[in-house]
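Listed below are the residues making up each chain.
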Amino acid sequence: MAISDAVFLSAHEAPGAQSVQRCDGCGHELDERDAAPACPVCGSLLAIVHRAPADANGVALTGAALRERLHARCCGMRGGHGSGVWRYESLIMPTAGDAITSHPEGNTPLLNRARVQQFAGCDGLLLKHEGYNPTGSFKDRGMTVGTTQAVRTGASAVACASTGNTSASLASYAAQAGIPGLVFVPAGKVALGKMAQTLAYGARTLLVRGDFDECLRLVQAASKELGIYLLNSINPWRVEGQKTIVFELLQQLEWDAPDFIVLPAGNLGNTAAFGKALREAHALGLITRLPRIVSVQAAGSAPFAKGFSEGFTTRHRVQAETIATAIRIGDPASWDRAVRAIRETNGLVLSVTDDEIIEAKVVVDAAGVGCEPASAASVAGVRQLVRAGVIRGSDRVVAILTGHVLKDPGTLVNIHQERDDVAGANRPIEIDATVDAVARVISNSRSS
Ligand code: F0G
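One structure accompanies this document, and this report is about it. (Residues numbered from 1 in each chain as written. Predicted model: local features only at pLDDT ≥ 70, side-chain atom pairs only at ≥ 80, totals over all residues.)

### Section: the overall build of the protein
Quick reminder of the rule: Think of it this way: any DSSP run of H or I at least four residues long counts as a helix, any run of E at least two long counts as a strand, and we number them from the N terminus. Three classes are used. A residue is buried when 20 or more other C-beta atoms lie within 10 Å of its own, exposed when 12 or fewer do, and partly exposed in between, with C-beta atoms placed from the backbone.
Within the protein one finds 15 helices and 13 strands. A buried classification covers 51% of the 448 residues belonging to the protein.

In structure tokens form, the structure reads like this:
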């Protein structure tokens, strides 16, 4: 077995440790409390490898025993167990104890909405809505774990590059932990709700004249030189937290895995985290078969989809453009991990146009659910795969809605008040303050 193929620590590895950080490239190991942003030997990304959960005598738990333990924790309302992330503590950071920075977060719903199912052509479609997290996106799941690590390693400040959601999340968790937060965002390319949150929670916000990919390069260099703890999704603890989207949806389905899990993809941290979560859940016997991961990119920002179509022979970089600013990323950092996730789950990668994203978003929004543009890419992706005959109408599919509808009010105003080409646009109507004017509007809408 190659170094990177080990799922859990074996009995003779890392004696006395519950988890280690292991380099993806050369296998070099670091203590779990080491704050290195990457492997000090070869510079590759670090991943967390845990010892499999065991009983009081050190005997590894069976899948059934672990399922029972996790089920019992669903009743916990206080401390870590009230969080849909820290309930899975033994699978993400077993040594955290009480020293966690938690809002709490997670516990997001799996929604069953007929209008969205009809649009996608799939009766078995469920929506896992990560917009219900405290700052309105899935980022909080990784950020609670990353911030906890920052605190326990004594970080003086935390930093990230972001298209907006990571920065909002970092700002909130840094504020809670009492650590200064520094964020690097592409100037003029962050949705209004995300920018407002980041400023409100008090992070020092740098508007970089460049795109997300440049922001990421800059924050990596700056944090290395200035000793600031980096909290992008290349941080291995962020990945651990984001795994819980998968653990939680599997638990909500009583560990009967769906056929497909579909998610929007940009920097590929989430695709990588989903692959790791499924690998571990399968190895532990929590599930008996693997769902296929489907990563959906915006057509103008789709290097990974291009790579997939060529059998991943080449790593691509593009100049990214899309209305879905959250995934406006041309040089995804977690490429290799995401390739592994797609390969191991017999997954798929596809791209959807901005028009398809808007079309899906209008349907999700009008169903009373709502999501930000990037999130709608997953529903647009399901629709495309149903039309192509890859997903059958009866398949069980979970699409991840990664962010809240209020994240991007600018796009909403544009769709409903300014554009003429969007079906389902809901124009507001300005009237005089008279009952007659109201009556005219009502009779007009009856006749139209
Ligand atoms: N959906 C939303 C709403 C996002 O904010 C992001 C990433 C993604 C999907 C894609 O996830 O990068 O792990 O493939 N947002 C990052 C940020 C880049 O800075 O907020 P990914």
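### Let's talk about the nonpolar core
Counted only if it meets this: Any nonpolar core is a set of buried residues, restricted to Ala, Val, Leu, Ile, Met, Phe, Trp, Tyr and Cys, that join up through C-beta atoms within 7 Å. A pair of residues counts as a contact when their C-beta atoms, built from backbone coordinates, are separated by no more than 7 Å.
Ranked by size, the top nonpolar core spans 121 residues in total, and within it Val158, Leu170, Val262, Ala377, Val382 and Ala399 carry the most contacts. Sequence-distant contacts of valine 262, that is, excluding residues within four places in its chain, are made with Val294, Val296, Ser378, Gly381, Val382, Val397, Ala399 and Ile400.

### Some words on the site of the ligand
What counts is decided by this rule: A residue counts as near a molecule or strand when its C-beta atom, positioned from the backbone, falls within 6 Å of it. Any residue outside Ala, Val, Leu, Ile, Met, Phe, Trp, Tyr, Cys, Pro, Asp, Glu, Lys and Arg is labelled polar, Gly included; the first ten of those are nonpolar and the last four are charged.
If you check the shell around the ligand, you find 23 residues, and the closest are Ser162, Asn165, Asn267, Thr402 and Gly403. Elements that contribute at least two residues to the shell around the ligand include exactly helix H5 (165-177), helix H9 (269-283) and helix H13 (373-387). Looking at side-chain class alone, the shell around the ligand contains six nonpolar, 15 polar and two charged residues.

### Structural notes on helix H6 (residues 192-201)
The cut-off we apply is this: In this description, one arc is meant: the one made by directions from the helix axis to the C-beta atoms.
Of all the positions in H6, only Gly193, Lys194, Gln197 and Thr198 are classed as buried. The arc that holds the buried residues of H6, viewed along the axis, is 135°, so those residues lie on one side. The inward-facing, buried residues of H6 contact H5, strand S7 (181-186), strand S8 (204-208) and helix H14 (409-418). One or two positions beyond H6, positive phi appears at glycine 202, with a value near 95°.

### Observations regarding the pairing of strand S5 (residues 125-129)
We apply this condition: Between any two strands, at least two bridges found by DSSP are needed for them to pair.
Counting buried positions along S5 gives five out of five residues, so the element sits mostly inside the fold. Here S5 shows two buried faces, one formed by Leu125, Leu127 and His129 and the other by Leu126 and Lys128. Inspection of the sheet shows strand S4 (residues 110-111) paired to S5 by two bridges, in the antiparallel sense. Bridged to leucine 111 within S5 is leucine 127. As judged from the five bridges shared by S5 and strand S13 (residues 397-401), these two strands associate in the parallel manner. The residue of S13 that forms the bridge with lysine 128 is isoleucine 400.

### Details of H9
This is how it is decided: To estimate the expected span of a helix, count its residues, drop one, and scale the result by 1.5 Å.
With 15 residues, H9 should reach 21 Å at 1.5 Å per residue; the first-to-last C-alpha distance of 21 Å fits that figure. In terms of burial, H9 is a largely internal element, 12 of the 15 residues being buried. Restricting attention to buried positions, one finds in H9 the residues Gly269, Asn270, Thr271, Ala272, Ala273, Phe274, Gly275, Lys276, Ala277, Leu278, Glu280 and Ala281. Where H9 is buried, its residues meet helix H2 (89-92), helix H8 (236-252), strand S10 (260-264), strand S11 (292-298) and helix H11 (335-344).

In short, shape yes, function no, at least from these values alone.
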